[in-house]
Amino acid sequence: MAQVTADPPKDELKQSITAASNKAEQVIILDALKEIDEEVQYAIAKAESHLNPWSRESLLLYLCLLVAFLNATSSGFDGSLMGSINAETQYKSFFNLKETGSSTGLVFVLYNAASTIGCAFGGPVMDYFGRRRGMQSGCAFTLAGAALAAGAQTLPQFKASRFLLGFGIILQTLSAPVYVTELIPPQWRGRLGGYYNTFYFTGSITATGVVYATSQYASTWAWRLPLLLQIGPPICVFVGCFFIPESPRWLASRDRMDEAAKIIYKYHGGEQNEVAKLEVREVTLHVKLSKPQTPGEYIRGLWDYRELFNSHSARWRTAMVSLITFASSLAGNSILTFFQPTMLQAVGVTSVRRKLLLTFASAIVSCSGAVIGSATNDWILRRTRFVWGSFSLAAALALVAGMSSQVASSTARGDTPSRAISGVGIMSIFLFGWIFSFVYTPNQSLYCTEVLNQEIRAKGISLHALESNLATIMFTYTTSIALGDISWKYYFVWIAVDFTAGILWFFFGVETVGRTIEELDACFEAPFPPKASWKRTKIVRGEDDELGVKIEGVKN
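Residues numbered from 1 in each chain as written. Predicted model: local features only at pLDDT ≥ 70, side-chain atom pairs only at ≥ 80, totals over all residues. Heavy atoms only, no water.

1. Regarding the environment of Val513
Logical step 1: With respect to the secondary-structure elements, Val513 resides in the loop between α24 (491-508) and α25 (520-525).
Logical step 2: Here Val513 falls in the buried class, since its relative accessible area comes to 8%.
Logical step 3: C-alpha separation for the pair Val513 and Arg383, spaced 130 residues apart in sequence, amounts to 9.3 Å. (Helix = DSSP H or I, 4+ residues; strand = E, 2+ residues; numbered from the N terminus. Buried < 20%, exposed > 50% of the residue type's maximum accessible area, 1.4 Å probe, protein only.)

2. Observations regarding the packing of aromatic side chains
Logical step 1: Considering all chains together, one arrives at 27 aromatic pairs under this definition.
Logical step 2: Taking the centre distance of 4.9 Å and the plane angle of 80 degrees together, the rings of Tyr128 and Phe129 count as edge-to-face.
Logical step 3: Assessed through its relative accessible area of 36%, Tyr128 is described here as partly exposed.
Logical step 4: Ring geometry for Tyr490 and Trp494: centres 5.8 Å apart, planes at 85 degrees, overall edge-to-face.
Logical step 5: Among the residues examined, Trp494 registers a relative accessible area of 0% and is labelled buried. (Phe/Tyr/Trp six-rings, centres within 6.5 Å; stacked < 30°, edge-to-face > 60°.)

3. Examining the packing of helix α19 (residues 352-375) against helix α21 (residues 419-439)
Logical step 1: At their nearest, the axes of α19 and α21 sit 7 Å apart, and the two run at 35 degrees to each other. Here α19 and α21 pass one another in a crossing that is right-handed. Across the interface between the two elements, Arg354, Leu358, Ala361, Ser362, Val365, Ser366, Ser368, Gly369, Ala370, Ile372 and Gly373 of α19 pack against Ile426, Phe430, Gly433, Trp434, Ser437 and Phe438 of α21.
Logical step 2: Residue classes in the contact of α19 with α21 are distributed as nine nonpolar, seven polar and one charged. (Axes fitted to C-alpha atoms, helices over the stretch in contact; angles between N-to-C directions. Left-handed = near helix turned anticlockwise from the far one by under 90°. Contact = heavy atoms within 4.5 Å. Nonpolar A, V, L, I, M, F, W, Y, C, P; charged D, E, K, R; others polar.)

4. Let's talk about the side chain of Arg131
Logical step 1: Structurally, Arg131 can be placed in helix α7 (residues 131-151).
Logical step 2: Judged by its relative accessible area of 0%, Arg131 is buried.
Logical step 3: A polar contact is formed between the side chain of Arg131 and the side chain of Glu182, at a distance of 3.0 Å.
Logical step 4: Among all residues touching Arg131, those that are not within four sequence positions of it are Met126, Ser175, Val178, Tyr179, Glu182, Glu246, Ser247, Trp250, Gln454 and Ala458. (Polar contact = N/O pair within 3.5 Å; in protein donor to acceptor, adjacent residues only side chain to side chain.)

5. Remarks on the confidence of the model for the protein
Low-pLDDT portions of the prediction should not be read for the details of their coordinates.
Logical step 1: The pLDDT averaged across the protein works out to 83; a share of 84% of its residues lies at or above 70.
Logical step 2: Of all helices and strands in the protein, the one with the weakest mean pLDDT is helix α1 (residues 17-20) (31), whereas helix α12 (residues 232-240) scores best (97).
Logical step 3: Low pLDDT, under 50, characterises residues 1-36; the predicted model gives this stretch 63 contacts beyond four residues in sequence or across chains. (pLDDT = per-residue confidence, 0-100.)

6. Focus: the pattern of salt bridges
Logical step 1: Taken as a whole and judged by the stated rule, the model has 15 salt bridges.
Logical step 2: Among the ionic pairs, Glu279 bridges to Arg249, the shortest N-O distance being 3.4 Å. Taken as a pair, Glu279 in helix α15 (residues 274-289) and Arg249 in helix α13 (residues 248-253) lie far apart in primary sequence, 30 residues in all.
Logical step 3: Looking at Glu279, the relative accessible area reads 1%, which means it is buried.
Logical step 4: Close ionic contact of Lys277 with Glu274 constitutes a salt bridge, the shortest N to O distance being 3.2 Å. Here Lys277 and its partner Glu274 are both found in helix α15, three residues apart, which amounts to about one turn of the helix.
Logical step 5: For Glu274, a relative accessible area of 28% puts it in the partly exposed group.
Logical step 6: Where salt bridges share partners, they join Asp127, Arg131, Glu182 and Arg457 into one cluster. (Salt bridge = Lys/Arg side-chain N within 4 Å of Asp/Glu carboxyl O.)

The structure is reproduced here in structure tokens:
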């Protein structure tokens, strides 16, 4: 059984940071700080440790994460599937629907309404039964919804299937990112955590490709077959959860610290790895400092969301969750997800087959952005990415609006839209999707799970999903109507949101790169967490070949 190392008493660590520091270089000698500052401890441990990405344990870790990643595949499959099917004549004629309008908006909104309801159950389920059971419970509803959708004979049946799918997928995608963040080593958290949401595109690309291929069918199998194929990912997740370990931090929260330590040591480099030892000490201390609860208090606490607002730290954590939720949900990507064929129509693409082909190509382009974004997630700071990414999204969408207005003017005059203008419009749509995927796709779930501590992580990720779904419900329904009434002019709403988000990220964004999850506690307990988080701790080598710690982002 793995042994848990006790955390050294804080009152034995009283030393002067000022006396040991070089004011000109802002470099602090290691011996003076090794046991004082958690961030310094992590920087030292990281410098002294090596994590082999090709070891047997690392490969097993990837397989465990793959099971969780497939939950994002389920979400991506459904999101892009409905956007593509909505352009098919076979689907619209069978249910007597139009590409835009109130009835179509209602079909989309039912999915989000079910997701909103599911948010209330996701946190309690994963907190009480564990992260794995949270994923499995969602898979059960997703499988039922996919089967009903593929066999639907009436519009009410199809609407019911959308509700089941929305409820199931939200349970999957609430538990999965929490599991991923709590299992992966802190050195790889940005990359591996970012790849979770990137798997959205494995479902998205598959869905758009299948719809493009089946669109040639004259029968209802043109849309039934893609809907039936939705059962693949949840089956893999449901079965896979029986073979993967539980989240070590969830085990620790249930007084099973020995089991938690064993998992951390196994997948984070072994019992001699300095980072793994530091993690075990931090998790152990965190559990010891947590307020003891009776069984009754624990059950009631599962549904008590006041914890998200009852302290300075909790309010800042919740504010960061809300900021990334609304900044990403209202960035304009919902148009790209659900109404890309309509966007393409606005820039001069009229053929249904070409719309589907370009939607498929767009998914591949966006996927490349997500992969590159995830690969760079450990060295591009979150705040920097969000600030410049938001401004770039506003610029790309403004270009789409400009080209759409030119096409609309030409059409109104009875002229054929310029192929050059149409081409620039298509490129702008692709560029917008790539930027969004680079900036937000790797971080939508990851950032939320990073800024939330163990006590409120499940509730906070449920709040994230609730806010996201409420925003999506409101704007998906109104977008369906607005695109039909005012077309490209509606883009300026999203442009304004992106610009505002960039400003908010610049002044209030809390940085998470370079710290373990537990070390972020110190940032959020500071009077102004954004400023505290901008401090960077790095290991440097001086002229005398002596190692030291360099503190960046602080003023003398």
